[in-house]
Amino acid sequence: MDIKGCVAIVSGANRGIGEAFVRVLMQEGAARVYAGARDAASAAHLEQEFPDRVQAIRLDVSDPSTIAAAAVACPDVSVVVNNAGA
Ligand SMILES: NC(=O)c1ccc[n+]([C@@H]2O[C@H](COP(=O)([O-])OP(=O)(O)OC[C@H]3O[C@@H](n4cnc5c(N)ncnc54)[C@H](OP(=O)(O)O)[C@@H]3O)[C@@H](O)[C@H]2O)c1
């Protein structure tokens, strides 16, 4: 998988392993990462850490309406990391 220059989305990106995925994607040269979280504000620290490259979005993987909205809001994604869970 070619990470450099890719556009990715990570679910459950606000903390834990999902947050680590965002950091690794940044380190490996991803152009942009959408940081999905049930509460987008909880991923705001990643937007601040990686200005212009990380965008927090609302995404609850148990709520089809937020999945559909994310698909519309993030049309350029080529890498999906479906990490959210317990
Ligand atoms: N840690 C391990 O040793 C381990 C081992 C094997 C597999 N995993 C898997 O790896 C993933 C992450 O584990 P973790 O240790 O980082 O867990 P964690 O620290 O408990 O974090 C869980 C993450 O998933 C999010 N989340 C939970 N339900 C969600 C939903 N319906 N929609 C969107 N986001 C949701 C949480 O968001 P909130 O902040 O909103 O709760 C949080 O960001 C999980 O799928 C887990 O099953 C972990």
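Keep in mind that this is a model prediction, so the values were computed, not measured. (Residues numbered from 1 in each chain as written. Predicted model: local features only at pLDDT ≥ 70, side-chain atom pairs only at ≥ 80, totals over all residues. Heavy atoms only, no water.)

1. What to know about the overall build of the protein
Phase 1: Scanning the protein from terminus to terminus reveals three helices and four strands.
Phase 2: In terms of overall size, the protein behaves like a compact globule, its C-alpha atoms giving a radius of gyration of 11 Å where 86 residues would be expected to give roughly 12 Å.
Phase 3: If you line up the protein on its principal axes, its C-alpha atoms span 30 × 25 × 25 Å.
Phase 4: With 86 residues in all, the protein has 40% of them scored as buried.
Phase 5: Put simply, of all contacts in the protein between residues at least 6 apart along the chain, 53% involve residues at least 24 apart.
Phase 6: Each charge class in the protein can be summarised by its mean position, and for the 7 positive and 10 negative side chains these summaries are 2 Å apart. (Helix = DSSP H or I, 4+ residues; strand = E, 2+ residues; numbered from the N terminus. Rg over C-alpha atoms; globule rule 2.2 N^0.38 Å. Buried < 20%, exposed > 50% of the residue type's maximum accessible area, 1.4 Å probe, protein only. Contact = heavy atoms within 4.5 Å. Lys, Arg positive; Asp, Glu negative; His and termini not counted. Charge placed at Lys NZ, Arg CZ, Asp CG, Glu CD.)

2. Observations concerning the side chain of D60
Phase 1: Structurally, D60 can be placed in the loop between β3 (54-58) and α3 (64-73).
Phase 2: Look at D60: it is buried, it has no salt bridge, and the nearest opposite charge is R38 at 5.0 Å.
Phase 3: Within the local environment of D60, its side chain forms a polar contact with the side chain of S62, the two groups lying 2.7 Å apart.
Phase 4: Not counting residues up to four positions away in its chain, the partners in contact with D60 are R38, T66 and I67. (Salt bridge = Lys/Arg side-chain N within 4 Å of Asp/Glu carboxyl O. Polar contact = N/O pair within 3.5 Å; in protein donor to acceptor, adjacent residues only side chain to side chain.)

3. Things to note about the site of the ligand
Phase 1: Close to the ligand lie 14 residues; N14, R15, I17, R38 and N83 are nearest.
Phase 2: A distance of 2.7 Å separates an oxygen atom of the ligand from a polar side-chain atom of N14.
Phase 3: One nitrogen or oxygen atom from the main chain of N83 is found 2.8 Å from an oxygen atom belonging to the ligand.
Phase 4: When isolated, the ligand has an accessible area of 900 Å², and the protein chains bury 60% of it.
Phase 5: Across the shell around the ligand, the residue classes tally to five nonpolar, six polar and three charged. (Near = heavy atom within 4 Å. Areas by Shrake-Rupley, 256 points an atom, 1.4 Å probe, with all protein chains shown as cover. Nonpolar A, V, L, I, M, F, W, Y, C, P; charged D, E, K, R; others polar.)

4. So, the pattern of salt bridges
Phase 1: Tallied over the entire structure, the rule returns two salt bridges.
Phase 2: Residues E19 and R23 are paired through a salt bridge, measuring 2.7 Å at the closest nitrogen-oxygen approach. Residue E19 and its partner R23 are located together in helix α1 (residues 16-27), separated by four residues, close to a single helical turn.
Phase 3: Under the relative-accessibility criterion, E19 is labelled buried at 16%.
Phase 4: Counted as one network, the salt bridges with shared partners bring together E19, R23 and E49.

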